[in-house]
Every structure is written in structure tokens, then in C-alpha cells.
Amino acid sequence: MAIINTSEHTVPADNGEVNLLIARQVEPGHEETFEAWAHGILETAAGFPDHLGYGLFRPATEGGPWFLVHRFRNQAAFQRWQDSPERAQWFANCLGHHHTEIARRELHGMETWFAKPGTTRPAPPRWKMVISSGLAIFPISLIGNAVLGPYLVDLHFVLRTAAFAVVFSTLMTYVAMPAVSRLLRPWLTRG
């Protein structure tokens, strides 16, 4: 197993969630063995405290890289996994699987909304993230208050705020931020 070109670009981390994106190139004919190894290491990581989930993504094109994704509650949880004997054991036993790490990226906080899978391009400057987030939050807030507001007006303000928070954060994560980051990608990635 060889590791090449794993330079990492980061922006200042906040104290939140850490997402690890790893790209691995698998030699043709060894995909099944690699997939079993990848599932094993991901399942082992999932047993660690504050591991929030994982994913394994097959190549988009034949011969393309495989992507492994780990999510951790915080930097300490991420570091426990990185330094663990369990992780070391999986890497000690991966020789002959014919796969090579070609990229690794740690994403912190809001960076995850702006990262393009398969690249090591740094997240945009924080001021661009603020503008993009504001462009996503404004229409959700406006429409949400207009549509939900009349139905929630009689709720205690704590319950009303909680309802808005759940709806708004769900729409931000799954609708608004993917759309805004896709639409503004040329501006966000410009130097």
C-alpha cells in the first residue's frame, strides 16, 4: 500500500463536527477485496464513541477512485480513531488489496457544505461562506415564516423557535446549501 499526494488544505476549524473524506484508487480486478476491507474498517470506526456515520462510494466512472467518508462529533473523537490500535490493525492487514490512498481531506463545520468530493481544493474564505449561507437562509426564513408562522403563532415561543429550527436546518442542509453552493461554485472557488 502506498500513500501519495495527500497534501491537505484546511481553513480554521471550529469546535464542531469533523468529516474525513478519503479517496482510494483500486487496481482493476481487486474491487471486491477492497470493498470488503473498506466495509470492515468503516464498521470498526462506527463502534467508536462519537462516530456519527460513514459512507462508501463506488467510482462514478470505471477505474475512478472510491471514496470513504467518516463523520465524528468533534476533533477529539476523530483523533481517538486516528490514533487507535484498531485502525492501525486494519492498515497492517491491507497489503495485497491493491489500493492506494490518493487524497485525504478533513472538513470542519460549514466547510462540508462547500467541499466538492474528490478534490483537495480548500474551502472558500469564511466571508464567502457567510454570504452564501445568508443567501440560503433568507428565502427559507422568509417563506418559512410566511407559511408556518400563522400556524405556530399560538405556540409558546420556545416551541415555535424549536419548530422553526428543525424545519430551517433540514431545508438548509438538504435543499438550500447544496443549491446555493452549486450555483455559486464558480465564485466560491475563484481565488
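Residues numbered from 1 in each chain as written. Predicted model: local features only at pLDDT ≥ 70, side-chain atom pairs only at ≥ 80, totals over all residues. Heavy atoms only, no water.

Under the annotation held in an unreviewed UniProt entry, the chain carries the name ABM domain-containing protein and is attributed to Streptomyces nojiriensis.

Colleague: Help me out: how do you make sense of the UniProt feature "transmembrane region" (unreviewed entry) in the chain in this one?
Modeller: When the UniProt feature table is mapped to this numbering, "transmembrane region" (unreviewed entry) covers residues 130-151 and 157-180. Secondary structure content for residues 130-151 is 100% helix and 0% strand, while the C-alpha to C-alpha distance between its ends is 30 Å. (UniProt positions renumbered as here; feature names shortened; annotations may be inferred. Helix = DSSP H or I, 4+ residues; strand = E, 2+ residues; numbered from the N terminus.)

Colleague: Mind showing me how you'd approach the environment of A46 here?
Modeller: By the secondary structure assignment, A46 is in helix α1 (residues 31-46). Through-space distance from the C-alpha of A46 to that of W81 is 9.6 Å; in sequence the pair is 35 residues apart. Contacts of A46, omitting those with residues within four sequence positions, involve H51 and Y54. (Contact = heavy atoms within 4.5 Å.)

Colleague: Just checking my understanding: could you explain the environment of D50 for this structure?
Modeller: Tracing the backbone shows D50 in the loop between α1 and β2 (51-57). Judged by relative accessible area, which is 29%, D50 ranks as partly exposed. For the pair D50 and E17, spaced 33 residues apart in sequence, the C-alpha separation works out to 9.7 Å. Every residue in contact with D50, bar those within four places of it in the chain, is listed here: R71, F72, R73, A77 and R80. Within the local environment of D50, its side chain forms a polar contact with the side chain of R80, the two groups lying 3.5 Å apart. (Buried < 20%, exposed > 50% of the residue type's maximum accessible area, 1.4 Å probe, protein only. Polar contact = N/O pair within 3.5 Å; in protein donor to acceptor, adjacent residues only side chain to side chain.)

Colleague: Whenever I open this one, the packing of aromatic side chains confuses me. Can you help?
Modeller: Two measures describe an aromatic ring pair: the distance that separates the ring centres and the angle between the ring planes. This structure, assessed with the given rule, holds six aromatic pairs. Here W37 and F91 contribute two aromatic rings whose centre-to-centre distance is 5.4 Å and whose plane-to-plane angle is 75°, an arrangement assigned as edge-to-face. Taken together, the positions of W37 in helix α1 and F91 in helix α3 (residues 85-92) put the pair 54 residues apart, joining distant regions of the chain. For the residue pair W37 and F91, the accessibility class agrees, reading buried in each case. Ring centres 5.1 Å apart and planes at 80° place the aromatic pair F48 and W81 in the edge-to-face group. Note that F48 is positioned in the loop between α1 and β2 and W81 in helix α2 (residues 75-82), a separation of 33 residues in sequence. Take F48 and W81: they sit in the same class, and that class is buried. An aromatic cluster is built from F34, W37, W66 and F91, whose rings are joined through pairwise contacts. (Phe/Tyr/Trp six-rings, centres within 6.5 Å; stacked < 30°, edge-to-face > 60°.)

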